[in-house]
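Single-letter residue listing:
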Amino acid sequence: ISLPLIKGQQVDTSADYRDFLPVNMLPIPGTAPNANGYFTNHPGISLISDNGPGSSNGGIYNTVENAMYRMVSNRLYKNNTQVAVTAALGRVTFSHSSITTAFTGDNGKGYYWNGLTVKEFINWQPGENPQGPTNYSLAGIIDVTRNKARYIWLTATGFIVTDLQNEQRPDFVAPIYSAESDVDDNVGITTWRDYVVVLGRNSTEFFRLTGDSSQIYAAQQSLSLPFGCISTHAKCSFMGDIAVLGSPRNAAPSINMITGNGGQKISSPEVDKVLQTYSDSTLQNTVLESAKWKGLNILYVHLPTETLAYIAEAGEWITLKSGLGNARWTGIDIHYNATTGDIECGDKASGRVGTLTSESSQYGQAQEFYLQTPLLKTGKASLFDLTIDTVSGFADKRIEMGISATENGFTYSSEHTITISTPNNYTTLPIMQRIGSSRDKIGFRLRMITADEINISGFSVRVEQ
């Protein structure tokens, strides 16, 4: 009998059947021995630089300068060289034009790095404009995006459009607009195709250029959606659309996609159960981001105490961890560096910057990997010849797998260890010849610890009743 590893099953303390999300293993759809796909390790992280104390608070690759900008604590780095100390002590949002790199501050102000110094987004000053100074309210900025040669700064009550002639000043004639399809405050802003998308907690509204200088943007009410985003950083671009953590009014949060045809939920029932273990106020610390790794589109959901990832090509969720045990994954702010061709990331607990690698180690440390089968109804039976298909012989060291069994999805046997790969041994076929007997049903959990690449596909067992 072949058992799938993509849909593991376990039982929690409330006697609820739960899906077991693979740990640190990426499901790859396609042809594989004895299976319709296989698992490979999530990429590891190799150190590029250590930028000192603090944690990663945001990043962007400036495609005009061909430079990677990162905020570590309140220090701005360009290509891992510190260029400024800023007023932004918390998480920031970046955007860039052809001449500046803009970012938010946790003090409700907007800032620009112009290559020499950090400037603040302020009103027109005396002598700067023939029409005189301005006195628009620019306080309470929480987010920033760019659309059609303008920066757009978001506050809880509206968004502020910058001037075409001076992007560090508000438009002189008509700078301020508001989303009014719902009474909720704004929490985030982004750009989708030609539209400016304003996200509230319970609604999403689209704006488009009018061509009229007295009203630069107008709402497109036909595109409005009755669900929103839970916080400023709980959104990102994903496969050309917008992924958000949010919900309609008075509904539990879920992971949703905002598309041209409306909204689509992508979180599974198991992911929804994980989300419901947090309060809304705690979930506001969530960060969403996306990356592409070896042709796979991956959506990362950095929850307050754990990290989930959605692999679009497989339509499946996994969980990510660091080290041995239950520590949350440390990577964050993942960006492709077109200059080096690498995918780089910051760190949630330090100033380290690393690059994603095919090996599974994170900063030289081995990682722990888990897969689990569903519970198989066997009746009274004897089990023999547990077999695993894997690509062996590529590891620098011996890789062993611990296999434990369960009859109820809650308690597990002690582990039995088998070797799945040894250096330069390309004929290894992991087999556990005698397993034991089952009274009614049985499931298996697979655990590996390694710093090398691993690959697992078919899992089968012979059952005699």
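Residues numbered from 1 in each chain as written. Predicted model: local features only at pLDDT ≥ 70, side-chain atom pairs only at ≥ 80, totals over all residues. Heavy atoms only, no water.

1. Topic: the side chain of T93
Piece 1. Summarising the element assignment, T93 is placed in the loop between β9 (81-85) and β10 (94-96).
Piece 2. Only 3.0 Å separates the side chain of T93 from the side chain of D143, close enough to count as a polar contact.
Piece 3. Among residues more than four places away in sequence, those in contact with T93 are A102, F103, T104, I142, D143, V144, T232 and H233. (Helix = DSSP H or I, 4+ residues; strand = E, 2+ residues; numbered from the N terminus. Polar contact = N/O pair within 3.5 Å; in protein donor to acceptor, adjacent residues only side chain to side chain. Contact = heavy atoms within 4.5 Å.)

2. Some remarks on the nonpolar core
Piece 1. Core analysis: the biggest nonpolar cluster contains 34 residues, and I255, L299 and W317 have the highest contact counts within it.
Piece 2. At the level of secondary structure, the elements contributing two or more residues to this core comprise β18 (186-192), β19 (195-200), β22 (235-238), β23 (241-246), β24 (254-259), α1 (269-275), β27 (296-302) and β28 (307-311).
Piece 3. The greatest single-element share of this core, amounting to four residues, is contributed by β23.
Piece 4. Leave out the neighbours within four places in its chain, and W317 touches L21, P22, I255, I266, S267, S268, V271, L299, V301, L308, A309 and Y310.
Piece 5. L371, F444, L446 and V461 belong to the second-largest nonpolar core, a separate cluster that totals 26 residues. (Core = buried A, V, L, I, M, F, W, Y, C linked by side-chain atoms within 4.5 Å. Buried < 20%, exposed > 50% of the residue type's maximum accessible area, 1.4 Å probe, protein only.)

3. Focus on the sheet that holds strand β32 (residues 352-357)
Piece 1. One open sheet accounts for four strands, arranged β5-β32-β31-β30; its pairing is antiparallel. The open sheet has two edge strands, β5 (44-50) and β30 (331-337), and neither has a second partner. Ignoring strand direction, the axes of neighbouring strands in this sheet form an average angle of 30°.
Piece 2. Relative to strand β31 (residues 342-347), β30 runs antiparallel, the two being bridged by five bridges. Its bridge partner being in β31, H335 is matched across the sheet by E344. (Pairing = 2+ DSSP bridges. Axes fitted to C-alpha atoms, helices over the stretch in contact; angles between N-to-C directions.)

4. A few points about the sheet that holds strand β13 (residues 118-120)
Piece 1. Strand order in this open sheet of four strands is β10-β11-β12-β13, and the pairing throughout is antiparallel. Each edge of the open sheet carries a strand with a single partner, namely β10 and β13. Taking the axes of each pair of neighbouring strands and ignoring which way they run, one obtains an average angle of 30° across the sheet.
Piece 2. With three bridges joining them, β10 and strand β11 (residues 101-104) adopt antiparallel strand pairing. What sits directly across from H96, in β11, is T101.

5. Some remarks on the pattern of salt bridges
Piece 1. Per the stated rule, a full pass over the model turns up 24 salt bridges.
Piece 2. With its nearest N and O atoms 2.8 Å apart, the salt bridge here joins R18 to E270. Of this pair, R18 sits in strand β2 (residues 17-20) while E270 sits in helix α1, and the two are 252 residues apart along the sequence.
Piece 3. Overall, E270 belongs to the buried group, its relative accessible area being 6%. (Salt bridge = Lys/Arg side-chain N within 4 Å of Asp/Glu carboxyl O.)

6. Overview of the layout of surface pockets
Piece 1. Put simply, the largest pocket is a space of about 850 Å³.
Piece 2. For the largest pocket, the lining is made up of 32 residues, of which G59, F94, C236, S237 and H335 are closest to its centre.
Piece 3. Broken down by secondary-structure element, the contributors of at least two residues to the lining of the largest pocket are β6 (56-62), β10, β14 (143-147), β18, β22, β26 (287-293) and β30.
Piece 4. The space that makes up the second largest pocket amounts to roughly 420 Å³.
Piece 5. If you go around the second largest pocket, you meet 23 residues; those closest to its centre are R91, Q284, N285, T286 and V287.
Piece 6. Mapped by element, the contributors of at least two residues to the lining of the second largest pocket are β6 and β18.
Piece 7. Here the lining of the second largest pocket is built from residues that sort into seven nonpolar, eleven polar and five charged. (1 Å grid on protein atoms, 1.4 Å probe; cavity = no way out; pocket = protein on both sides within 12 Å on 5 of 7 lines; lining within 4 Å. Points joined across faces, edges and corners; volume = space filled by probe spheres on them. Nonpolar A, V, L, I, M, F, W, Y, C, P; charged D, E, K, R; others polar.)

7. Some words on the packing of aromatic side chains
Piece 1. Taken as a whole, this structure holds 19 aromatic pairs when the rule is applied.
Piece 2. For the pair F103 and Y111, a centre-to-centre distance of 5.8 Å together with 25° between the ring planes defines the contact as stacked. An identical accessibility class is assigned to F103 and Y111; each is buried.
Piece 3. Residues Y300 and W329 carry aromatic rings whose centres are separated by 5.5 Å and whose planes lie at 10° to one another, so their mutual orientation is stacked. One end of the pair, Y300, is in strand β27; the other, W329, is in the loop between β29 (316-320) and β30, and 29 residues separate them in sequence.
Piece 4. Within the aromatic cluster, the residues linked to one another by ring pairs are Y112, F121, Y151 and W153. (Phe/Tyr/Trp six-rings, centres within 6.5 Å; stacked < 30°, edge-to-face > 60°.)

8. Observations concerning the state of the cysteines
Piece 1. Taken as a whole and assessed by the stated rule, the structure comprises zero disulfides.
Piece 2. Residue C229 stays outside any disulfide, its sulfur separated by 9.7 Å from that of C236, the closest cysteine. (Disulfide = S-S within 2.5 Å.)

9. Side note on empty space enclosed by the protein
To find the voids left in a structure, one rolls a probe of water-molecule size over its atoms.
Piece 1. If you walk through the whole model with that rule in mind, you get two cavities of 30 Å³ or more.
Piece 2. Estimated volume of the largest cavity: approximately 50 Å³.
Piece 3. For the largest cavity, the full set of lining residues is A179, E180, S181, D182, D184, N186, V198, L199, G200, S203 and E205.
Piece 4. For the lining of the largest cavity, the element with the most residues is β19, which contributes three residues.
Piece 5. Classifying every residue of the lining of the largest cavity by side-chain character gives three nonpolar, four polar and four charged.

10. Focus on the pairing of strand β1 (residues 8-11)
Piece 1. For β1 and β2, the ladder comprises four bridges, and the chain directions are antiparallel. Each residue of the ladder has a partner; that of Q10, found in β2, is R18.
Piece 2. Counting the residues that bridge the hairpin from β1 to β2 gives five residues, and of these A15 lies at a positive phi of roughly 60°.

11. Let's talk about unusual backbone geometry
Piece 1. We note that A15 has phi near 60°; this positive angle belongs to a residue other than glycine.
Piece 2. With a relative accessible area of 64%, A15 lands in the exposed category.
Piece 3. Unlike most non-glycine residues, N66 shows phi in positive territory, near 55°.
Piece 4. Mapped onto the fold, N66 is located in the loop between β6 and β7 (67-72).
Piece 5. Relative accessible area serves as the criterion here: at 43%, N66 is assigned to the partly exposed category.

Worth remembering: the numbers are spatial, not functional.
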